[in-house]
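Tertiary structure, described
Residue-level listing of the chains:
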4 protein chains.
Amino acid sequence: MTAVLPAIRDFEAAARDRLDPAHYDYFAGGAGDELTVRANEAAFARLALLPRVLRGAGSPRIGVTLLGSRAAMPVLVAPTAFHRLADPEGEKATARAAAAAETIMIVSMAATVAVEDVAAAAPGATLWFQLYVQPDMAFTEALVRRAEKAGCAALVVTVDSPARGRRDRDVRNGFDDLPAGMRCENLRCENLCDGGAGPVRPIVMSPVISWEHVDMLRRMTRLPIVLKGVTHPADARLALDHGVSALYVSNHGGRQLDTVPATVDLLPEIVAAVGGAVPVLMDGGIRRGTDVIKAMALGASAVAVGRPVIWGLAAGGECGVARVLGLLRDEVEHALTLCGLASTQDLEPGLVRRC
Amino acid sequence: MTAVLPAIRDFEAAARDRLDPAHYDYFAGGAGDELTVRANEAAFARLALLPRVLRGAGSPRIGVTLLGSRAAMPVLVAPTAFHRLADPEGEKATARAAAAAETIMIVSMAATVAVEDVAAAAPGATLWFQLYVQPDMAFTEALVRRAEKAGCAALVVTVDSPARGRRDRDVRNGFDDLPAGMRCENLRCENLCDGGAGPVRPIVMSPVISWEHVDMLRRMTRLPIVLKGVTHPADARLALDHGVSALYVSNHGGRQLDTVPATVDLLPEIVAAVGGAVPVLMDGGIRRGTDVIKAMALGASAVAVGRPVIWGLAAGGECGVARVLGLLRDEVEHALTLCGLASTQDLEPGLVRRC
Amino acid sequence: MTAVLPAIRDFEAAARDRLDPAHYDYFAGGAGDELTVRANEAAFARLALLPRVLRGAGSPRIGVTLLGSRAAMPVLVAPTAFHRLADPEGEKATARAAAAAETIMIVSMAATVAVEDVAAAAPGATLWFQLYVQPDMAFTEALVRRAEKAGCAALVVTVDSPARGRRDRDVRNGFDDLPAGMRCENLRCENLCDGGAGPVRPIVMSPVISWEHVDMLRRMTRLPIVLKGVTHPADARLALDHGVSALYVSNHGGRQLDTVPATVDLLPEIVAAVGGAVPVLMDGGIRRGTDVIKAMALGASAVAVGRPVIWGLAAGGECGVARVLGLLRDEVEHALTLCGLASTQDLEPGLVRRC
Amino acid sequence: MTAVLPAIRDFEAAARDRLDPAHYDYFAGGAGDELTVRANEAAFARLALLPRVLRGAGSPRIGVTLLGSRAAMPVLVAPTAFHRLADPEGEKATARAAAAAETIMIVSMAATVAVEDVAAAAPGATLWFQLYVQPDMAFTEALVRRAEKAGCAALVVTVDSPARGRRDRDVRNGFDDLPAGMRCENLRCENLCDGGAGPVRPIVMSPVISWEHVDMLRRMTRLPIVLKGVTHPADARLALDHGVSALYVSNHGGRQLDTVPATVDLLPEIVAAVGGAVPVLMDGGIRRGTDVIKAMALGASAVAVGRPVIWGLAAGGECGVARVLGLLRDEVEHALTLCGLASTQDLEPGLVRRC
């Protein structure tokens, strides 16, 4: 991968060239008419920045500490499934690049490399583990123990998926299963019990999962729980009542319910509802450093990127992910500098104007 | 019809491939510059959904009862003319598919199969009959009696047509009559009197029709009367004064007066004017399960689909209609599940946000 | 001209096929980036109609009487220059078609047929005369007398032209003069004096023309004066102070100052400023019967069409103009009928909604 | 250059044909996704003009006096780098054209001709000098002295550049240095000291520059200081506190921080903050005479054009720039005339309406 790729969009183009079209569609596509997929990106273009001048701020500081985990940049690796579709090394390559960038990787429950192997491949990495609560709570607990043992520092519990998203591209492409030789390794039963290579359980997305399951999960582990997929302020308040450690505003990249608003448009209300009680993360449509500082100016403690990481991985493996993360880090620093700010701490809503 | 068609739009594409272009234009087109045709669909894209999470709602219930008629899903078959242009079996195929889907079919006065034959072809079907009041009230009464005898459970009286719509596509295509062998069988005179095959009367759309005709019609039958084509809240109130059993918000799919607002944008005011006194139905632009739940969240008791049924019929006959209705049913269930709701009863305006 | 042309836009396409491209551009184009040209049409698409139902209105009446002139339809022929570029018969053909349609033709000062010859060619026509006040008031008076003698029933004084519009298309095409054999016949000097065929004076568009000139003009003639080109409400009030008989809201079809708002968006404020004291006409972007009734619902007493008449003339000469006027008349009647109205008199602002 | 080019956009097209594509991209492109580049132009299209009629204003006066410098038109030459990329004569050609048009040229610190040579080549020209304050204040002072000696009448201090803009087009094109034989001549060291041809220092864009540097600069020279690149009203007030002589609203043509609002949208707040204390200039998106009068109606004392000058220079050297400036002068006069105004002094906010 020697080409000059100055922007995330260039990585997407490079990835498209290299990926099986059905796999590209799997990663790029979304639910329904993909209105939410497009809205996530488009919403940032409607937010303008009003920089300050002559502040003599020097080089900006962009590191953050989240739930005890330190990241050198406020851009995390969002949980996404099936990295081995993009690169043979899969989640191992992603984790090494995240470790090199000194940021947090949220390992997907639907990873194609087992979380222990991800951790082993990237010794310095800070890993969090993403979880769909399974109706079989014994199985859920086994997953939690496994994440704990692998050294994951937080649980990211996805709550926007009482059913699997309907994605027309996948139906058209007939993409409904991983190719031979790839599996959701975190769901392999023996792995969960004694390390052998046994059958893989399916991920259940169930409409019976409720706040009671969150309470059970909280009693089950001392890991901080990040609730991912909250879009309604009333649910943000409920989440605080149920003792979660952080909220993560997400519409699942537009892959679950179509026509949910763009996350950056949902963010201010969630931030207001949370009132600073816990950190608020978000993902959805982040493609530029200016997007990152807009989200943070509106109250996000940090953001996460999903598809950009996949495009880097498909375009150039570990090196591609490293370049994507490096590009975002450079753009964040640059945008802060041009806004006259010394630190992401100085971001505040007055910097952003709706246009 | 073996192709995978994941969305209503795919059925439209398949139908376009199979239909005579002039017939496709007849079904797809509308009045004037077709601004209302496009507005109906576009309006749904400007309405966002704000789902709730962790409600433990289980599988949703989506059945409705309307004026004593039960439907297993809140999506009815809207009245549309000339089904035999789309499939040799015409309205018989449509009725069989509606019966299989356990939903209500509103048979058009301009059907190419007589309503008795429609009923006979689909024994289990729940049929309602759509009527343009004819200035010759004796003829109108004959039509009403015929619908009653065929077992129709309600009369859907279209009131947005004091004149026939001007549709430029049809003028350009020279489409002004049915092909040889097809007729509006409900308008065949002998059928109305003694069952023979005599001349067919034209449908008169007259600007003299007034509320008095509605009163006469109400005295004429015990069938519930659904007033279709009301767009002004003042007319909704008048309709209640005149004792109608339900309102049906429609701009005739953009086929009568161009530049009427999208129906889903008209809906809230009509719902407010009706104040729960009678059910409010609507059609216009419904192409997704999310569209259905948006309309119902804004106060519709159920919706109807016109063109989607035609696309299914043209793409695959009875089987095609069945697949279109099944697709919509699945999408409605899925959208409710992703919104965290147990039933269409739980839909309320707070779920929807204008974006 | 035997083709079926169901809409004004079809006439434009036909005209484009027949006209010299530079002449097409002259008629179709406008000032600057042509934002106002496009805005005039686009503004109507943002105005929605909210029809009433079951009014039993019967066939609508659409005739109007303006300043003592009767028209069978509320659509006048706006003043446009150079009709002989579109058809050899030029303004004579237009006048005959206007007479047949029983509407008013506003003959342009820049006509390529002298106003007397226009009048002679169309005996039954109701003609008004459009005038740019010339700084040489003696010459202006000669023009007024000429219009009076030709039987014109009103003077339409254009006030939006203190300088000629800058139209890039004409510059690019090198179109700056009429072809050999065509002249602005109303400006031919001998005609003004003794009927001979002498030199033609140029039309002067001067920034020295002021309200004083309007006063002089008013003292000069008993013909009613219609002030054309007012866009600011303050000027509408001044016009009443100066005793004009009618106002004519126009941005010169986007041909003078670019980025002036669409006329239908300017109309309500002008109507409010005039307060019913005099009739308010308008032109700009009228392409459909629905456009006509929107403008009238917002307070216009009638509208005028410029380019549509030229497209008819180029597409089919007198017959083409007749078809364009007939199409608009039919569409106006049809739109009124579908709105449930008995007459253009019943149009009121509540029919229109901004969307 | 004999072609007829009626609009600035035609000059851009001609320039594109003649320029090395990488150089065209350098001039045309901007930061990030170039949203601000496009917003600058698009914002003018959303501002409508409401002309007045019959004012008898005669030919308009459009000259302005700014900080003691007289200009025959309210359109200045904005500072832009590297004119020799567009024409071998570079800034000398631009200055001669500006002198002929009797307007002010702001010579860029990054000019490819030394400011003394620019002045010598265009004896009658009024020159201002654009400056990035360099952290090495001795070097900054040397630059100021040089500008003073060359006869520049004001310093335009750019404050929106604490770092160099990131422009993806340049990265893609590998454009990161001037071709052999071209240099930023104002940065040549010996020139600064004794006139010899020595090494060229790089332009430093530093985040340590602050209001203190502005204070130092003000103590360093008696030239009026124009602060360029202010977009926030709070910074406009600070600038007054620090004694600047004028403000210059600019987002650097969209070349520094992407998603800053269009300058014409920022202008009213800056004008309000300044309250008439000093003149307010602006650049960004000016392509028409109507754009100029909109900006001035909203409070700008004059405007500047950057890319249009480059397009003229590339299309036709000195003659091309002269034609671009002449075109804008003609369009400004014409727009004022059509608005019924006698002078740019008469422009006021009521002329402009947001649409």
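Residues numbered from 1 in each chain as written. Chains lettered and ligands numbered in written order. Predicted model: local features only at pLDDT ≥ 70, side-chain atom pairs only at ≥ 80, totals over all residues. Heavy atoms only, no water.

As annotated in an unreviewed UniProt entry, chain A carries the name Alpha-hydroxy-acid oxidizing enzyme and is attributed to Microbispora bryophytorum. Within the UniProt record for chain A, the comment given under Sequence similarities (unreviewed entry) is "Belongs to the FMN-dependent alpha-hydroxy acid dehydrogenase family." (UniProt positions renumbered as here; feature names shortened; annotations may be inferred.)

Focus: the arrangement of the chains
With respect to C-alpha atoms, chain A approaches chain C no nearer than 20 Å, and the pair has no contact. Taking C-alpha atoms as the reference, chain B and chain D come no closer than 20 Å and do not contact one another. (Contact = heavy atoms within 4.5 Å.)

A few points about the interface of chain A and chain D
Contacts between chain A and chain D engage 31 residues on the former and 35 residues on the latter. With both chains or domains summed, chain A and chain D bury close to 2,700 Å², and 61% of this area falls on carbon and sulfur atoms. When residues of chain A are sorted by the area they lose upon contact with chain D, Val53(A), Leu54(A) and Leu338(A) head the list and together hold 27% of the total. On the surface where chain A and chain D come into contact, there are six salt bridges. Between Arg288(A) and Asp168(D) there is a salt bridge; the shortest N-O distance is 2.8 Å. The tally of links between chain A and chain D comes to 16 residue pairs in polar contact (both at pLDDT 80 or more). Per-element tally for the side of chain A that touches chain D: the top contributor is helix H13 (residues 307–338) of chain A, with seven residues. Looking at the side of chain A that touches chain D residue by residue, the classes come out as 16 nonpolar, six polar and nine charged. (Buried area = accessible area lost by both parts, 1.4 Å probe. Salt bridge = Lys/Arg side-chain N within 4 Å of Asp/Glu carboxyl O. Polar contact = N/O pair within 3.5 Å; in protein donor to acceptor, adjacent residues only side chain to side chain. Helix = DSSP H or I, 4+ residues; strand = E, 2+ residues; numbered from the N terminus. Nonpolar A, V, L, I, M, F, W, Y, C, P; charged D, E, K, R; others polar.)

A few points about the relation of the copies chain A and chain D
For the pair chain A and chain D, the superposition axis carries a translation of 0.0 Å, the fit reaches an RMSD of 0.0 Å, and the rotation angle comes to 90°. Look at the turn and shift together and you get a four-fold axis relating the two. Taking C-alpha positions as reference, the residue of chain A nearest the rotation axis is Cys355(A), located at 9.9 Å. (Least-squares fit on C-alpha atoms with pLDDT ≥ 70 in both.)

So, the side chain of Asp215(B)
Residues and elements named next belong to chain B. Structurally, the position occupied by Asp 215 is in helix H9 (residues 211–220). Lacking a salt bridge, the buried Asp 215 has Arg 218 as its closest oppositely charged neighbour, with an N-O distance of 4.8 Å. A polar contact of 2.7 Å, which involves the side chain of Asp 215, links it to the side chain of His 242. (Buried < 20%, exposed > 50% of the residue type's maximum accessible area, 1.4 Å probe, protein only. Lys, Arg positive; Asp, Glu negative; His and termini not counted.)

With respect to the pairing of strand E5 (residues 104–107) of chain D
Here is the key point about a regular strand: its side chains alternate between the two faces of the sheet. Residue and element names in this part refer to chain D. The alternating pattern of E5 places Ile 104 and Ile 106 on one face and Met 105 and Val 107 on the opposite face, and all of these are buried. Pairing of E5 with strand E6 (residues 126–131) involves four bridges; the strand directions are parallel. Of the residues in E6, the one forming a bridge with Ile 104 is Thr 126. Once the chain exits E5 it traverses helix H5 (residues 115–121) before rejoining the sheet at E6, and the crossover so formed is right-handed. (Pairing = 2+ DSSP bridges. Right-handed = clockwise from strand over helix to strand, strands pointing away.)

Comments concerning the nonpolar core
Inside soluble globular proteins, nonpolar side chains tend to come together where they are buried. In this structure, Leu227(A), Leu227(B), Leu227(C) and Leu227(D) are the most contacted members of the largest nonpolar core, which totals 545 residues. In this view, Leu227(A) contacts Val157(A), Val159(A), Trp211(A), Val214(A), Ala239(A), Val244(A), Ala246(A), Leu247(A), Tyr248(A) and Leu54(B); residues no more than four positions away in its chain are not counted. (Core = buried A, V, L, I, M, F, W, Y, C linked by side-chain atoms within 4.5 Å.)

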